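Coordinate analysis (summary)
If you want the building blocks of each chain, they are given just below.
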Amino acid sequence: MNITVETIITLSKIIGAAGIILGVIAAFIKWLSKQEKQSLDIEKLHKCHDEDLKSVQEELCVVNYAVLASLDALIQRGYGGNVAEAHGKLQKHINNKAHKQKGE
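As a convention, each chain's residues are numbered from 1 in the sequence order in which they are written. Selection of residues for local features in this predicted model requires a pLDDT of at least 70, selection of side-chain atom pairs for listing and counting requires 80 or more, and totals for whole chains, interfaces and linings are taken over all residues. Water and hydrogen atoms play no part in the side-chain values, which are based on all heavy atoms of the structure.

Quick word on the nonpolar core
- Buried residues of nine kinds, namely Ala, Val, Leu, Ile, Met, Phe, Trp, Tyr and Cys, make up a nonpolar core once their side-chain atoms join them within 4.5 Å. The buried label applies to any residue whose accessible area, calculated with a 1.4 Å probe on protein chains only, is under 20% of its type's maximum; exposed applies above 50%, and partly exposed to all values in between. The biggest cluster of nonpolar side chains holds five residues, and these are Leu68, Leu71, Val83, Leu90 and Ile94.
- Secondary structure elements are taken from DSSP: a helix is a run of H or I of four residues or more, a strand is a run of E of two residues or more, and numbering for both begins at the N terminus. At the level of secondary structure, the elements contributing two or more residues to this core comprise helix 1 (5–76) and helix 2 (82–103).
- For this core, the leading source of residues is helix 2, giving three residues.
- What makes two residues a contact is simply this: any of their non-hydrogen atoms within 4.5 Å. Excluding residues that lie within four positions of it along the chain, leucine 90 makes contacts with Asn64, Val67, Leu68 and Leu71.

Some thoughts on the side chain of asparagine 64
- Mapped onto the elements of the fold, asparagine 64 is located in helix 1.
- For asparagine 64, the residues in contact, after removing those within four places along its chain, are Leu90, His93 and Ile94.

Some thoughts on the pattern of salt bridges
- Salt-bridge detection follows one rule: a side-chain nitrogen of Lys or Arg within 4 Å of a carboxyl oxygen of Asp or Glu. In this structure the tally under the stated criterion is two salt bridges.
- A salt bridge links lysine 37 to aspartate 41; its shortest N-O distance comes to 3.1 Å. Highlighted residues: lysine 37 and aspartate 41, both in helix 1, separated by four residues, approximately one helical turn.
- Classification of aspartate 41 as partly exposed rests on a relative accessible area of 32%.
- Ionic pairing is found between glutamate 85 and lysine 89, a salt bridge with its closest N-O pair at 3.4 Å. Placement of both glutamate 85 and lysine 89 in helix 2 is noted, with a separation of four residues, approximately one turn of the helix.

What about the environment of glutamine 76?
- On the secondary structure map, glutamine 76 appears in helix 1.
- Residue glutamine 76 is classed as exposed on the basis of its relative accessible area of 70%.
- Note: C-alpha distance between glutamine 76 and lysine 13 (63 residues apart in sequence) is 93 Å.

Printed below as a string of structure tokens:
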């Protein structure tokens, strides 16, 4: 078998093409790996967000009760008008929220 320049060139083309194909496959596998990692990161963020949201809702509940107690105290001291209206609206909101949570 004679090795000629043409044989070497053909062999180089085949090796080059194989290298390009393997490079594309490796890049695709790397891209898939990044996508999977991003999916896991997003899942972790959703979980953290849900925990933060629950914490904020619990704090807001406490604040609402504190405001309601303050409005009660003002009503007991004889302040009416807007205080009584705000008290009624806040109490209605708290009751509606409580009933929605029981239904869930």
